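# Structural description and commentary
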Amino acid sequence: SHTHLANGKEREILPWLRLSAELDPHRIETYTVAAYWLRQDLGKAKEAEAFLREGLMANPASYEILLDLGRLYDENYHDAARAGNVWEAALRRWLQQESGKSEPDLAALGQITVRLAQLEESEGHGAKAIELLELALARKASPRPEPLEEHVRALRLKQAGQR
């Protein structure tokens, strides 16, 4: 029978994800999926962090793992500064790896830039937030650019009012 992973059944998949990581340590999705289940559904942020760090050791250039590690710092540890540093590293790696591709991972770029922009805005760095959102818009990283464009306009108006 078909069942969904819920109500504690999530932990049944974790040994398989561990085995997958051992068999193919360069399969990035294994680390991000396992970390998601650990931190979101099982409330085991420290174990999720350890698994992501293990994945980062095997895949030091992975912007995907850094994106998830930043989420963990932001959402689970509420450490915005650390999350921002990790997301900045993710953005640098994304730019190094994906910029020249004919089909870059725009979804990841959108997530990284929007999260960084939110942090910059919350710190009162509107110009940096605008720069990040414009990067996402220039690369067409959002399937729906209108909300980002509107947010950039609002940030510009806010900055003009502060001058």
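Residues numbered from 1 in each chain as written. Predicted model: local features only at pLDDT ≥ 70, side-chain atom pairs only at ≥ 80, totals over all residues. Heavy atoms only, no water.

### Some remarks on the confidence of the model for the protein chain
Formally: What pLDDT conveys is the predictor's confidence in a given residue, as a value from 0 to 100. A run of DSSP states H or I qualifies as a helix once it reaches four residues; a run of E qualifies as a strand once it reaches two. Both are numbered from the N-terminal end. By definition in these notes, contact holds between two residues if any of their heavy atoms fall within 4.5 Å.
Summing up the model confidence of the protein chain, the mean pLDDT is 89 and the portion of residues at 70 or higher is 88%. When the elements of the protein chain are averaged for pLDDT, helix α1 (residues 14-23) gives the smallest value, 69, and helix α4 (residues 63-76) the largest, 98. Predicted confidence for residues 1-5 stays below pLDDT 50, and this span has 5 contacts to residues more than four positions away or in other chains.

### A closer look at the pattern of salt bridges
Operational definition: A carboxyl oxygen of Asp or Glu within 4 Å of a side-chain nitrogen of Lys or Arg is what we treat as a salt bridge.
Evaluation of the coordinates by the stated rule reveals 9 salt bridges. When the shortest N-O distance is used, the salt bridge between Lys-44 and Glu-47 registers 4.0 Å. Measuring nitrogen to oxygen at the nearest pair gives 3.5 Å for the salt bridge that ties Glu-131 to Lys-128. Here Glu-131 and its partner Lys-128 are both found in helix α7 (residues 126-138), 3 residues apart, which amounts to about one turn of the helix. Residues participating in the shared-partner salt-bridge network are Arg-39, Glu-75 and Arg-115.

### A few points about α7
Test applied: An expected span of 1.5 Å times one less than the residue number is assigned to each helix. For the exposure calls, accessible area comes from a 1.4 Å probe over protein chains only, and a residue counts as buried if that area is under 20% of its type's maximum, exposed if over 50%, partly exposed in between. Throughout, the arc means that of the directions going from the helix axis to the C-beta atoms.
Helix length check: α7, at 13 residues, gives a terminal C-alpha distance of 18 Å against a target of 18 Å (1.5 Å per residue), a fit within 8%. For α7, the full list of buried residues reads Gly-126, Ala-129, Ile-130, Leu-132, Leu-133 and Ala-136. Down the axis of α7, the buried set is contained in an arc of 165°. They therefore lie on one face. On its buried side, α7 packs onto α5 (80-98), α6 (106-122) and α8 (145-162). Positive phi appears at Lys-140, one or two residues downstream of α7, with a value of about 55°.

### Topic: the packing of aromatic side chains
Pairs of aromatic rings are described using the distance from one ring centre to the other and the angle between the two planes. In plain terms, the rule: Working definition: rings of Phe, Tyr and Trp (its six-membered ring) pair if their centres are within 6.5 Å, and the pair is stacked with planes under 30 degrees apart, edge-to-face with planes over 60 apart, and tilted otherwise.
Applying the stated criterion to the full structure yields 3 aromatic pairs. Each ring, one from Tyr-73 and one from Tyr-77, has its centre 5.9 Å from the other, and the planes form 40°; the classification is tilted. Judged by its relative accessible area of 27%, Tyr-77 falls in the partly exposed class.

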